[in-house]
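# Geometric and topological summary
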Amino acid sequence: MRRSLVVLLAIALAWLWVLLGAAPALAQAKTINYSNTNLDNRDFSNADMVGSVFVAAEMRGTNFAGANMVGAILTKGNLLGANLTGANLENALGDRVTFYKANLTNAILVGATLSSSIFEDADITGADFTDAIIDRYDLTQLCKRATGVNPATGVATRESLGCR
């Protein structure tokens, strides 16, 4: 009796998981791993790069304008001078990333983890950082130059950063 109850509960939980839209691991099979590669000055504009991995990748001057990079992993990546205009980096893991002089105009960084990253001289006009994890010092520096409203989300950059 008890064993049947456990099996029934497991089946019910599995159905609930499916009904809530959980994607199985096989759904990630199309992701690409660019870890430790040199992608300097490459053109990935408007590319579908959902869940792709860029750990410790060199991406200086790379064009990601309009790219769909939801859930991408950018840890320790170097995006010096990269073009991320209108890129969707929602829920991306971007800790210890160099965004120095990167163009993040109208980028969507909702829910992204951006701890210990460098944003010096990055253009963040219209970027949406709602619920992003950003170090307090970087947040203060970003608020000094935060302007614009993201055309896709309708959220002001200053508001998304929680600037006062």
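Read on for a plain summary of the structure. (Residues numbered from 1 in each chain as written. Predicted model: local features only at pLDDT ≥ 70, side-chain atom pairs only at ≥ 80, totals over all residues. Heavy atoms only, no water.)

### Topic: the pattern of salt bridges
According to the stated counting rule, one finds three salt bridges in the structure shown. The salt bridge involving arginine 60 is made with aspartate 40; its shortest N-O contact spans 3.8 Å. Taken together, the residues arginine 60 in the loop between α1 (2-19) and α2 (136-145) and aspartate 40 in the loop between α1 and α2 connect sequence positions 20 residues apart. The salt bridge involving aspartate 95 is made with arginine 96; its shortest N-O contact spans 2.9 Å. (Salt bridge = Lys/Arg side-chain N within 4 Å of Asp/Glu carboxyl O. Helix = DSSP H or I, 4+ residues; strand = E, 2+ residues; numbered from the N terminus.)

### Describing unusual backbone geometry
Positioned with a positive phi, asparagine 41 is a non-glycine residue whose angle comes to about 60°. Judged by relative accessible area, asparagine 41 falls into the exposed class, the value being 61%. With a phi close to 60°, arginine 96 is a non-glycine residue in the positive phi region. Examined against the element boundaries, arginine 96 turns out to sit in the loop between α1 and α2. (Buried < 20%, exposed > 50% of the residue type's maximum accessible area, 1.4 Å probe, protein only.)

### A look at the nonpolar core
Judged by nonpolar contacts, the single largest core of 38 residues is most densely connected at Phe54, Phe64, Met69 and Leu84. Phenylalanine 54 has contacts with Tyr34, Ser35, Leu39, Met49, Met59, Phe64, Met69, Ala72, Ile73, Leu74, Thr75 and Gly77, leaving out every residue within four places of it along the chain. (Core = buried A, V, L, I, M, F, W, Y, C linked by side-chain atoms within 4.5 Å. Contact = heavy atoms within 4.5 Å.)

### Focus on the side chain of asparagine 88
Position of asparagine 88 among the secondary structure elements: in the loop between α1 and α2. Given a relative accessible area of 18%, asparagine 88 falls into the buried group. With residues up to four places along the chain from it excluded, the contact list for asparagine 88 reads Ala67, Asn68, Met69, Val70 and Ile108.

### A few points about the packing of aromatic side chains
If you walk through the whole model with that rule in mind, you get six aromatic pairs. Considering the side-chain rings of tyrosine 34 and phenylalanine 44, the 5.6 Å spacing of their centres and the 65° angle between planes classify their relative orientation as edge-to-face. One end of the pair, tyrosine 34, is in the loop between α1 and α2; the other, phenylalanine 44, is in the loop between α1 and α2, with 10 residues separating them in the sequence. Of the two residues, tyrosine 34 and phenylalanine 44, neither departs from the other in class, the shared state being buried. Centroid distance phenylalanine 54 to phenylalanine 64: 5.8 Å. Interplanar angle 85°. Geometry classified as edge-to-face. In this pair, phenylalanine 54 sits in the loop between α1 and α2 while phenylalanine 64 sits in the loop between α1 and α2, placing the two residues 10 residues apart along the sequence. With respect to class, phenylalanine 54 is no different from phenylalanine 64; both count as buried. In this structure an aromatic cluster arises from ring pairing among Tyr34, Phe44, Phe54 and Phe64. (Phe/Tyr/Trp six-rings, centres within 6.5 Å; stacked < 30°, edge-to-face > 60°.)

### Here we look at the side chain of threonine 62
Mapped onto the secondary structure, threonine 62 falls in the loop between α1 and α2. Owing to a relative accessible area of 0%, threonine 62 belongs among the buried residues under this scheme. A polar contact is formed between the side chain of threonine 62 and the backbone oxygen of leucine 39, at a distance of 2.6 Å. Of note is the side chain of threonine 62, whose polar atom sits 3.4 Å from the backbone nitrogen of asparagine 41. In this view, threonine 62 contacts Leu39, Asp40, Asn41, Arg42, Phe44, Ala82 and Asn83; residues no more than four positions away in its chain are not counted. (Polar contact = N/O pair within 3.5 Å; in protein donor to acceptor, adjacent residues only side chain to side chain.)

Shape descriptors only; they carry no functional weight alone.
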